[in-house]
Amino acid sequence: MAATKRPSASFGPGAEERIARALEAIVAHLSATSPKTSAADAFAQADAFVWHPDGRLAPVPHVSRVDLGLLKGIDRMRDILIENTERFANGLPANNALLWGARGMGKSSLVKAAHASINVSRKPAERLKLIEIHREDVESLPALMDLLRSSHFHFIVFCDDLSFDGNDASYKSLKAVLEGGIEGRPDNVILYATSNRRHLLAREMIENERSTAINPGEAVEEKVSLSDRFGLWLGFHRCSQDEYLAMVKGYCGHFGIKLAEEQLEREALEWSTTRGSRSGRVAWQFTQELAGRQGVKLGGKQSSPSS
């Protein structure tokens, strides 16, 4: 007995197009009926975000930071930045801040620690928000400003390790936001940046501009003036031996790492000698080494004092 053959499926002409339209209609319906999250609701979800140039703010539930009390040797810069940040959070005039200088001395750690300290006693609706923008996304700053302008929250827009090389013209977006644009910086936004360069530009970049310009002074002025638009400059310099040891002892005391003082100092100095540097980062790396040897878990969402 011959098996009965099933009829083959035939979609006919234009079937694929009809299917595509049907799928688009389904997607549109689902988008229309799904609950929409307003910007205000999104900002209430977290105290820190990372900005993406496609217009997305990714919440950061747990910020990688160190306790403010663990940042040693930068007392003056700490006090100035916290005072500036607190004024801003309270709706008073405050300055954009550029933290520049030696690597590993806690510039970015101070920004994150200051943000956390300001929020300790604030109600949810009054909490200060921290938004990190990556160096390569600086050109999208105007779009970020548009998004933040209408919010009732106050925002620190933070760019770590900011600098410009070669013919990079993205600094113009930053310059416009700092002061120069028609709209300017929103009253509820302040910019904090860290850099290893005081003027944010490589020395050879400045020298090239001078050597090829008809009027060397005017040619460089526009680029050098970028750092001048930060009202607050905080310089971080290499720490002394005593400051370095104070950092190590502060970390060890905080995490309960026990070692005789003489031995601790000797090993800490040997560690810094092998690294060819003394800084908060080096002190933290030594503390991690010591904690690992002693089986002490550091725990928490900690980060090293960096940049």
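What you are looking at is a predicted structure, and each value in this text was computed from that prediction instead of being measured. Chains are numbered independently. Their residues run from 1 in the order of the written sequence. Since the coordinates come from a predicted model, pLDDT governs what is reported: local features require at least 70, and pairs of side-chain atoms require 80 or more to be given and counted, while whole-chain, interface and lining totals use all residues. To get the side-chain values, all heavy atoms of the structure are used, and hydrogens and water are removed first.

### Things to note about the pairing of strand β6 (residues 189-195)
- The buried fraction of β6 is high, at 7 of 7 residues.
- Relative accessible area decides the class of each residue, using a 1.4 Å probe on protein chains only: under 20% of the type maximum gives buried, over 50% gives exposed, and in between gives partly exposed. Think of it this way: any DSSP run of H or I at least four residues long counts as a helix, any run of E at least two long counts as a strand, and we number them from the N terminus. Side chains Val189, Leu191, Ala193 and Ser195 project from β6 onto one buried face, and the interleaved Ile190, Tyr192 and Thr194 project onto a second face that is buried too.
- For strand β3 (residues 97-101) and β6, the ladder comprises 4 bridges, and the chain directions are parallel. Among the inter-strand pairings, Leu99 is bridged to a residue of β6, identified as Thr194.
- At least two DSSP bridges between two strands are required for those strands to pair. Bridge analysis of strand β5 (residues 155-159) against β6 gives 5 bridges, and the strand direction is parallel. Bridge pairing in β6 places Phe155 opposite Val189.

### Concerning helix α11 (residues 280-294)
- With 15 residues, α11 should reach 21 Å at 1.5 Å per residue; the first-to-last C-alpha distance of 21 Å fits that figure.
- Within α11, burial applies to Gly280, Val282, Ala283, Trp284, Phe286, Thr287, Leu290 and Ala291.
- Between two residues, a contact is recorded if the distance between any of their heavy atoms is within 4.5 Å. Elements that come into contact with the buried residues of α11 comprise α9 (241-255) and α10 (261-275).
- At the exit of α11 stands Gly295, carrying a positive phi of roughly 70°. Under the convention used throughout, the expected extent of a helix is 1.5 Å for every residue step, that is, one less than its residue count.

### Some words on α10
- End to end, α10 covers 21 Å across 15 residues, agreeing with the expected 21 Å (1.5 Å per residue, within 8%).
- Those residues of α10 that sit buried are Leu264, Glu267, Ala268, Trp271 and Ser272. Along α10, the residues classed as buried sweep out an arc of 135° about the axis, all on the same side. What points out from α10, more than 90 degrees from its buried face, is the exposed set Glu262, Thr273 and Thr274.
- Lining the buried residues of α10 we find α9 and α11.
- A positive phi of about 70° marks Gly276, the residue just after α10. Working note: the arc is built from the helix axis to C-beta atom directions.

### What to know about the pattern of salt bridges
- Each salt bridge in this description consists of a side-chain nitrogen of Lys or Arg and a carboxyl oxygen of Asp or Glu lying within 4 Å of one another. Per the counting criterion, the structure on display carries 10 salt bridges.
- Put simply, Lys129 and Asp47 hold a salt bridge, and the shortest N to O gap is 3.1 Å. With Lys129 in strand β4 (residues 129-132) and Asp47 in the loop between α2 (39-44) and β1 (48-52), the pair connects residues that are 82 residues apart, well separated along the chain.
- Among the ionic pairs, Glu289 bridges to Arg293, the shortest N-O distance being 3.5 Å. Here Glu289 pairs with Arg293, and both are found in helix α11, just 4 residues apart, close to one helical turn.

### Points about the sheet that holds β1
- Taking strand neighbours across the sheet as the criterion, the 7 strands line up as β2-β1-β4-β5-β6-β3-β7 in an open arrangement whose pairing is mixed. The strands lining the two open edges of the sheet, one partner per strand, are β2 (56-59) and β7 (232-236). This sheet shows a mean twist of 25° between the axes of neighbouring strands, independent of strand direction.
- The axes are straight lines fitted to the C-alpha atoms, using for helices just the contacting stretch, and the angles between their N-to-C directions are given from 0 to 180°. Helix-sheet contacts for helix α4 (residues 107-119) involve β3, β4, β5, β6 and β7, and the interaxial angle to β3 is about 145°.
- Docked against the sheet, helix α5 (residues 141-149) engages β1, β2, β4, β5 and β6, running at close to 165° with respect to β5.

### Focus: the confidence of the model for the protein chain
- Every residue gets a pLDDT, meaning the predictor's confidence in that residue, from 0 to 100. Summarising the model, the protein chain shows a mean pLDDT of 82, and 76% of its residues fall at 70 or more.
- Per-element averaging of pLDDT across the protein chain places helix α7 (residues 203-212) at the bottom with 52 and β4 at the top with 97.

### Examining the side chain of Asn119
- One can find Asn119 in helix α4.
- Setting aside residues no more than four positions away along its own chain, Asn119 makes contact with Asp47, Arg127 and Leu128.

### Points about the environment of Leu200
- For Leu200, the location among the structural elements is in the loop between β6 and α7.
- With a relative accessible area of 0%, Leu200 lands in the buried category.
- For the pair Leu200 and Trp100, spaced 100 residues apart in sequence, the C-alpha separation works out to 8.8 Å.
- Those residues in contact with Leu200, other than ones at most four positions away along the chain, are Leu98, Leu162, Ser163, Phe164, Ser195, Leu226, Ser227 and Phe230.

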